[in-house]
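The primary structure of each chain is shown beneath.
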Amino acid sequence: MPSALRASELATPPRAPLPDLSRPLTPDELEAALRSFHGSYYVEHPFHRQMYEGTLTRRQFQGWVANRLAYQRVVPRKDGAILSNCPDPDVRREWLQRIVDHDGTRPGEGGIELWIRLGVALGVPREEMEDERHVLPAVRTICESYVWFCKSKPWVQACASSLTELFAPRIHQQRLESFPRHYPWIPPEAMDYFKSRLVQAPRDVKHGLAIVQRHCTTVESQRMAFEALQFKLEMLWSLIDVIHHAYRD
Ligand code: AHQ
């Protein structure tokens, strides 16, 4: 008799059945199978639903932006881990751009700076963004797990974990549309980060997908690519779940 046990809210992302791997998938089938995980992307989380439906409070926005900086700051570190494990100079040359996108080429530039400016636009003082005083221990642990994953797994699996960005344009577009509509107190310059990702994410996905399609040609390597994507989907879900529960009114 199954128990009546269930978490108090949508605590687990909707899960699609794993793709059928009775034989290796062709590159196009592999892309379609990776895209079939879209239902588990954290855009479906109640916190993000509240965000684009217009019911998020300033405090929730500020808790979110301050904590999400911890994620933005681990991105170039996990990309550095991938570079350290990747033997292919062509891949390294292209993957390197991701670090420049986040760190810029000098202080005061790059995506992490744009995220800090988003925080200031949402009302969190720059000093409180930069010193991470509001970052929850669980958020920091979850973000570090992404770095450890990319340090410890084969580089192609680490590349596969970045393919949650197959689904990211939708979440950035939703913010660009919903913020002006529901949150007139948010200044337009706050959108700069999302606009930058609408350009960078599709470019990164094209590169990451090509790597996975080129290297994952067996049932086992394709299964590991799905497991890498599943890990990252659950990592992002955990991240927003902790923020959601920490800042509920
Ligand atoms: O701002 C984001 C970003 O720079 C990245 C890098 C990429 C990766 O390599 O894992 N993933 C990612 C994501 C960013 N923003 C998230 C958001 O919700 O704003 C989405 C996230 C992703 O989907 O992985």
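In what follows, the structure referred to is the one given above.
Definitions and cut-offs
Residues numbered from 1 in each chain as written. Predicted model: local features only at pLDDT ≥ 70, side-chain atom pairs only at ≥ 80, totals over all residues. Heavy atoms only, no water. Helix = DSSP H or I, 4+ residues; strand = E, 2+ residues; numbered from the N terminus. Buried < 20%, exposed > 50% of the residue type's maximum accessible area, 1.4 Å probe, protein only. Contact = heavy atoms within 4.5 Å. Areas by Shrake-Rupley, 256 points an atom, 1.4 Å probe, with all protein chains shown as cover. Lys, Arg positive; Asp, Glu negative; His and termini not counted. Charge placed at Lys NZ, Arg CZ, Asp CG, Glu CD. Expected span 1.5 Å × (residues − 1). Polar contact = N/O pair within 3.5 Å; in protein donor to acceptor, adjacent residues only side chain to side chain. Axes fitted to C-alpha atoms, helices over the stretch in contact; angles between N-to-C directions. Parallel < 35°, antiparallel > 145°, perpendicular 65-115°, else oblique. Left-handed = near helix turned anticlockwise from the far one by under 90°. Nonpolar A, V, L, I, M, F, W, Y, C, P; charged D, E, K, R; others polar. Near = heavy atom within 4 Å. Core = buried A, V, L, I, M, F, W, Y, C linked by side-chain atoms within 4.5 Å.

1. Points about the overall build of the protein chain
A tally of helices and strands in the protein chain yields 11 helices and 0 strands. In the protein chain, the order of α-helices and β-strands from amino to carboxyl end is α-α-α-α-α-α-α-α-α-α-α. When the backbone C-alpha atoms are referred to their principal axes, the protein chain occupies close to 60 × 50 × 30 Å. Split into buried and exposed, the 249 residues of the protein chain put 51% on the buried side. Long-range pairs, those at least 24 residues apart, make up 79% of the contacts in the protein chain with a sequence separation of at least 6. Carbon and sulfur atoms form 56% of the exposed surface of the protein chain, whose accessible area is close to 11700 Å². A distance of 0 Å separates the average location of the 32 positive side-chain charges in the protein chain from that of its 31 negative side-chain charges.

2. Things to note about helix H4 (residues 89–103)
Residues separated by three or four positions in an α-helix point in the same direction, a consequence of the helix having 3.6 residues per turn. Here H4 is 15 residues long and its end C-alpha atoms lie 21 Å apart, about the 21 Å a rise of 1.5 Å per residue gives. As for H4, its buried residues are in contact with helix H3 (58–85), helix H5 (111–121), helix H8 (155–161) and helix H10 (192–215). Sitting at the amino-terminal end of H4 is Asp88, which places a side-chain oxygen 2.7 Å from the backbone nitrogen of Asp90. Phi turns positive, to about 70°, at Gly104, one or two residues after H4.

3. A closer look at the side chain of Glu113
Structurally, Glu113 is set in helix H5. Beyond its immediate sequence surroundings of up to four residues, Glu113 is in contact with Gly108 and Arg126.

4. What to know about the environment of Arg77
Here Arg77 lies in helix H3. In this view, Arg77 contacts Glu144 and Val147; residues no more than four positions away in its chain are not counted.

5. Re the packing of H4 against H10
The geometry of H4 relative to H10 is characterised by a closest axis approach of 11 Å and an angle of 155° between their N-to-C directions. Taken together, the axes of H4 and H10 lie roughly antiparallel to each other. Between H4 and H10 lies a crossing of left-handed hand. Judged by residue contacts, Val91, Glu94, Trp95, Gln97, Arg98, Asp101 and His102 of H4 engage Tyr193, Arg197, Gln200, Arg203, Asp204, His207, Gly208, Ile211 and Arg214 from H10. For the contact of H4 with H10, the class distribution of residues is 4 nonpolar, 5 polar and 7 charged.

6. A closer look at the site of the ligand
Every one of the 21 residues lining the ligand counts as a neighbour, but Tyr42, Lys78, His102, Tyr146 and Tyr193 are closest to it. Separating an oxygen atom of the ligand from a side-chain N or O atom of Thr164 is a distance of 2.6 Å. Here Arg175 contributes a side-chain N or O atom positioned 2.7 Å from an oxygen atom of the ligand. Protein contact buries 99% of the 480 Å² of open area that the ligand shows by itself. Take the shell around the ligand: its biggest share by element is 5 residues, from H3.

7. Thoughts on the nonpolar core
The biggest cluster of nonpolar side chains holds 81 residues, and the ones touching the most others in it are Leu34, Tyr41, Phe61, Trp64, Tyr71, Trp115 and Phe194. The greatest single-element share of this core, amounting to 12 residues, is contributed by H3.

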